[in-house]
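Examining the three-dimensional arrangement
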Amino acid sequence: MGFNCGIVGLPNVGKSTLFNALTSTAKADAANYPFCTIEPNSGRVAVPDDRLLKLGELSNSSNILPNFLEIVDIAGLVKGASKGEGLGNQFLGHIRGVDAVIAMLRCFEGDDVSHVEGSIDPIRDADIVETELLLADLESLERRTERMHRNIKGGDHKEKALYDLMMQVLEALRDGHPAREVNYSDDEAPFFKELALLTAKPILYVCNVDEGSAADGNEHSEKVIKRALNEGAEAVVISAAIESEIAQLESPREKTEFLETLDLDQTGLSKVIEAGYRLLDLVTFLTTGPKESRSWSVPSGFTAPQAAGSIHSDFEKGFICAETISYHDFVTFGGEQAAKDAGKMRQEGRDYVIEDGDVILFRFNV
């Protein structure tokens, strides 16, 4: 498992170009006119992790199974989308289940690609996207609260608790504040998650710059980065055009050499993944053996039984212990048995909190 995200943005900011490049497909028709993406597109890309390849080599694994980043690309939003303008609002429902929202912002000049608002201003564009997501949430909650009155009158306490939280969120939305700024109790957390609000999701701003600005950014991307810092969000600078060229290269060596010619040390995909993991506060543990080596991502703070449950619910129900070796020790000593012989394998119990890079074998009984 990894994480999934939805790409939103105005038309002609490079959303579909980035989607095509990241997923190495041509499922989204990247064209220079608004609404060229008229159906939601989804794709998966493997999360690069050199540790996984090394484990597979040491364990002589038959299969290597990485985490995946799942991406949903929807039609471009425009001002007034929540009132039926354009096509993007028709597909917002497709990203209500994602973990995070990627807000793609145009940070490059050029008359060859038109801008729906007539000028380049990524902060204005970010405000438009946020407003349309907020209005979509507002409309969704207002419809839902109207339907809940009958259940509340009937004495349904769970519905009453949900209704009270919804009214609190509605007040914030009506005041122009995204749902992520609403404070709620631990008891209310399951209800809040159930609402699946677009503005409750963390945002990763992706600044799409010209090829010459891919290494250091430009004045437009600097403004977006400052905004992200103020919001506690994440921002990365990439060039969708460069990502398209990288996607056409076959070997890792070719990709590395191409990046070096542009003074880049990593692809835009790697930047998006790293920022996404930071934004969602995820850690990765690994499992390995002759059958397969695999990576698993869980929220930071997950205990061993919770991590076991991410593999299979039975693992959590019948959890006995987690036989754990750090990745460093696993590699240093040349594999599982050698690390065990050196006393580097630990038997961790129910209270153990997973650390990034743990190599784990879960013991369970059901």
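The text that follows walks through the structure, step by step, so that each part is easy to find. (Residues numbered from 1 in each chain as written. Predicted model: local features only at pLDDT ≥ 70, side-chain atom pairs only at ≥ 80, totals over all residues. Heavy atoms only, no water.)

Tallying secondary structure elements over the chain gives 13 helices and twelve strands in all. Relative to its full complement of 366 residues, the chain shows a buried share of 48%. Within the chain, counting contacts between residues at least 6 apart in sequence, those at least 24 apart form 69% of the total. (Helix = DSSP H or I, 4+ residues; strand = E, 2+ residues; numbered from the N terminus. Buried < 20%, exposed > 50% of the residue type's maximum accessible area, 1.4 Å probe, protein only. Contact = heavy atoms within 4.5 Å.)

Pairing within the open sheet is mixed, and its six strands lie in the order E2-E4-E1-E5-E6-E7. What marks the edges here is a single partner per strand, and that holds for strand E2 (41-46) and strand E7 (234-238). Averaged over all pairs of adjacent strands, the angle between their axes in this sheet comes to 25°, without regard to strand direction. Relative to strand E4 (residues 68-73), E2 runs antiparallel, the two sharing six bridges. Counted as the bridge partner of Gly43 is Ile71 from E4. (Pairing = 2+ DSSP bridges. Axes fitted to C-alpha atoms, helices over the stretch in contact; angles between N-to-C directions.)

Empty space among the atoms becomes apparent when a probe as large as a water molecule is rolled across them. Inspection of every chain in the model, using the stated rule, returns one cavity of 30 Å³ or more. Size it by volume and the largest cavity reaches roughly 60 Å³. Taken together, the elements giving at least two residues each to the lining of the largest cavity come down to E7, helix H7 (240-247) and helix H9 (268-280). Partitioned by chemical class, the residues of the lining of the largest cavity number five nonpolar, four polar and two charged. (1 Å grid on protein atoms, 1.4 Å probe; cavity = no way out; pocket = protein on both sides within 12 Å on 5 of 7 lines; lining within 4 Å. Points joined across faces, edges and corners; volume = space filled by probe spheres on them. Nonpolar A, V, L, I, M, F, W, Y, C, P; charged D, E, K, R; others polar.)

Quick look at the layout of surface pockets now. When its volume is computed, the largest pocket comes out at roughly 710 Å³. In terms of lining, the largest pocket is formed by 22 residues, of which the most central are Val98, Asp99, Lys193, Pro202 and Leu280. Of all the secondary structure elements, the ones that give two or more residues to the lining of the largest pocket are helix H5 (189-194) and strand E9 (292-299). When residues in the lining of the largest pocket are grouped by element, the largest group, four residues, is from H5. Residue composition of the lining of the largest pocket, by class: 15 nonpolar, three polar and four charged. In this structure, the second largest pocket encloses a volume near 540 Å³. Of all the secondary structure elements, the ones that give two or more residues to the lining of the second largest pocket are helix H1 (15-23), H7, helix H8 (252-261) and H9. By residue number, the principal contributor to the lining of the second largest pocket is H8, which donates four residues.

It is worth spelling out helix H10 (residues 304-311) at this point. Since the α-helix advances by 3.6 residues per turn, residues separated by three or four positions end up pointing in the same direction. Three or more residues of H10 are buried, namely Ala304, Pro305, Ala307 and Ala308. Around the axis of H10, the buried residues are gathered within 160° of arc, so they sit on the same side. On its buried face, H10 is in contact with strand E8 (282-288), E9, helix H11 (313-317), strand E10 (319-326) and strand E12 (358-364). (Arc of directions from axis to C-beta.)

This part covers the pattern of salt bridges. Applying the stated criterion across every chain, the model contains 19 salt bridges. When the shortest N-O distance is used, the salt bridge between Lys160 and Asp164 registers 2.9 Å. Remark: Asp164 and Lys160 occur in helix H4 (residues 157-174); sequence separation between them is four residues, near one turn of the helix. For the salt bridge of Arg294 with Glu292, the shortest nitrogen-to-oxygen distance reads 3.9 Å. One network of salt bridges, in which partners are shared, links Asp49, Arg51 and Asp356. (Salt bridge = Lys/Arg side-chain N within 4 Å of Asp/Glu carboxyl O.)

On to the side chain of Glu348, then. The topology assignment puts Glu348 in strand E11 (residues 346-348). In this structure the side chain of Glu348 is engaged in a polar contact, spanning 2.7 Å, whose partner is the side chain of Arg346. Setting aside chain neighbours within four positions, we find Glu348 in contact with Phe319, Cys321, Ala322 and Thr324. (Polar contact = N/O pair within 3.5 Å; in protein donor to acceptor, adjacent residues only side chain to side chain.)

Here we come to the environment of Gly276. With respect to the helices, strands and loops of the structure, Gly276 is situated in helix H9. For Gly276, a relative accessible area of 4% translates into the label buried. Note: C-alpha distance between Gly276 and Leu204 (72 residues apart in sequence) is 7.1 Å. Among residues more than four places away in sequence, those in contact with Gly276 are Phe3 and Leu204.

When two helices pack together, their arrangement is captured by the angle between the axes and the distance separating the axes. Taken N-terminus to C-terminus, the directions of H1 and H7 make an angle of 30°; their axes are 8 Å apart at the nearest point. Accordingly, the angle class assigned to the pair H1 and H7 is roughly parallel. H7 is crossed by H1, and the crossing has left-handed handedness. Across the interface between the two elements, Thr17, Leu18, Ala21 and Leu22 from H1 touch Ala240, Glu243, Ser244 and Ala247 from H7. Class assignment for the residues of the contact of H1 with H7 results in five nonpolar, two polar and one charged. (Parallel < 35°, antiparallel > 145°, perpendicular 65-115°, else oblique. Left-handed = near helix turned anticlockwise from the far one by under 90°.)

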